[in-house]
Amino acid sequence: MKITGVAVNVLRVPVDKPYSAGGRTVDANWHVLARVTTSDGVEGIGYVVYPRPDLMTAIGQASRELGEHLVGMSVLEPEAAWERLARIGDWVGPGGLLHVALAPLDIAVWDAHGKTLGQPLYRLLGGYRDRVPAYGSDGLWVSLSPTELAANAKQHVADGFTAVKLRIGKESTAEAEARRVLAVREAVGPQVKIMVDAVESWSLAYARRAGRVLQDAGIAWLEDPVHHHDVAGLASLRRRLDVPIAAGEHLYHLDGFRTLLEARAVDVVILDLARVGGVTPWRRIAGLAHAHGIPVCGHVVPEVQVHLLAAVASGYMVEYVPRSAGILTSMPRCERGELVAPSSPGLGLELDADAVRRHQVA
Ligand SMILES: [Mg+2]
């Protein structure tokens with residue numbers, strides 16, 4: 001179970017249909033993929049994925065350099081491994097690029113840990129259940145017309161999802177945003193949950209007004225209405241609105257989550273596995289949220305997040321965006337609105353070796 005080798009590669013995986021998000025055209029999902037091999041011949045995999053190229057080769061290089069320090073450590077000691085790497089990079093951390101570079105390594109160590117012990121990750125991490133309610137959010141972009149949005153949401157429901165999430169924030173009035181929600185409602189029927197993500201695009205004053213209009217339109221949560229630094233603003237929205245407030249995917253460190261939770265600023269905490277630095281810190285943050293009585297959700301990478309969210313009692317919903325389907329032989333399946341955690345050891349995921357080779361750029 002000793003780590004004998006660590007390989008890190010950067011992959012550019014083209015998307016089927018380019019789309020616009022955050023003012024950019026997304027034509028590929030960029031991965032930093034880490035592969036950890038052990039003295040028993042086990043290989044653990046881990047990756048981060050972002051729909052943009054910026055700094056990806058730098059993150060890959062940082063991850064490669066940090067990965068060298070894993071050699072000789074045991075995959076049964078992921079906490080020790082994470083702390084060791086975090087200490088090496090502490091002068092440029094915590095958070096930021098350091099955490100994103102740590103994440104693929106930490107995930108790969110946990111995958112190898114599960115494979116070594118012959119257990120799926122969700123069971124090793126707590127085993128609360130083996131599936132998690134899921135929502136479809138792929139293809140529900142801010143750049144689409146209400147008609148296109150409604151058609152894509154309807155497809156998610158046909159695929160078995162009972163909840164969907166729309167990106168909003170581009171319309172000039174709150175009423176126009178609500179019309180997008182109502183177009184989707186018309187298409188998916190009364191039973192499907194509709195969440196919205198404003199992607200930090202609003203001022204606090206606008207968020208107060210838009211939040212009221214959207215809650216009347218029947219949304220299930222309002223995500224990232226204002227910038228994540230405005231914790232007091234989030235807390236005031238939570239007090240004034242009836243609709244649950246969701247935030248957290250832009251935070252990197254336990255301290256940031258503590259500030260958010262102590263301010264009673266959110267009803268739902270969302271964790272980005274790359275920004276928090278992998279599975280090891282994810283567990284600490286989920287435990288902190290649990291202590292505050294707040295459920296946790298995952299940001300993207302559903303095939304990994306499903307294990308983490310299934311493991312703990314406070315796991316709430318998994319966001320289904322299959323950005324890495326192009327490098328995997330299969331994705332976890334959705335059954336009656338829930339994503340089922342793979343039952344084979346570790347993450348239970350298998351790389352498509354040809355695809356990895358084809359998409360490798362560094
Ligand atoms: Mg979001």
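Predicted, not measured: the structure shown is a model, and the values here were computed from it. (Residues numbered from 1 in each chain as written. Predicted model: local features only at pLDDT ≥ 70, side-chain atom pairs only at ≥ 80, totals over all residues. Heavy atoms only, no water.)

Caption draft 1: Looking closely at the packing of helix H5 (residues 146-158) against helix H6 (residues 174-188). Between H5 and H6, the shortest axis-to-axis distance is 8 Å and the interhelical angle comes to 40°. By the angle class used here, H5 and H6 are oblique. You can see that H5 and H6 cross each other, and the crossing is right-handed. Where H5 approaches H6, its residues Pro146, Leu149, Ala150, Ala153, Lys154 and Val157 are matched on the opposing element by Arg180, Ala183, Val184, Ala187 and Val188. When its residues are assigned to classes, the contact of H5 with H6 shows nine nonpolar, no polar and two charged. (Axes fitted to C-alpha atoms, helices over the stretch in contact; angles between N-to-C directions. Helix = DSSP H or I, 4+ residues; strand = E, 2+ residues; numbered from the N terminus. Parallel < 35°, antiparallel > 145°, perpendicular 65-115°, else oblique. Left-handed = near helix turned anticlockwise from the far one by under 90°. Contact = heavy atoms within 4.5 Å. Nonpolar A, V, L, I, M, F, W, Y, C, P; charged D, E, K, R; others polar.)

Caption draft 2: Quick peek at unusual backbone geometry. In this model, glycine 93 is joined to proline 94 through a cis peptide bond whose omega is 0°. Relative to the elements of secondary structure, proline 94 occurs in the loop between helix H2 (78-88) and helix H3 (96-117). The phi angle at aspartate 224 is positive, at roughly 40°, despite the residue not being glycine. With respect to the helices and strands, the residue aspartate 224 is situated in the loop between strand E7 (222-223) and helix H8 (231-240). Positive phi values are uncommon outside glycine, yet arginine 336 reaches one of about 45°.

Caption draft 3: Representation of the sheet that holds strand E2 (residues 24-38) in the model. Strand order in the open sheet formed by three strands is E1-E2-E3, with antiparallel pairing between adjacent strands. In the strand order of this sheet, the two ends are held by strand E1 (3-21) and strand E3 (43-50), each with one partner. Between one strand axis and the next, the sheet turns by 20° as a mean value, whatever way the strands run. Where E1 lies against E2, 14 bridges are found, and the strand directions are antiparallel. Counterpart to valine 10 in the pairing with E2 is valine 32. The strands touched by H3 are E1, E2 and E3; relative to E3, the strand with the most contacts, the crossing angle is about 145°. (Pairing = 2+ DSSP bridges.)

None of this, on its own, says anything about what the molecule does.
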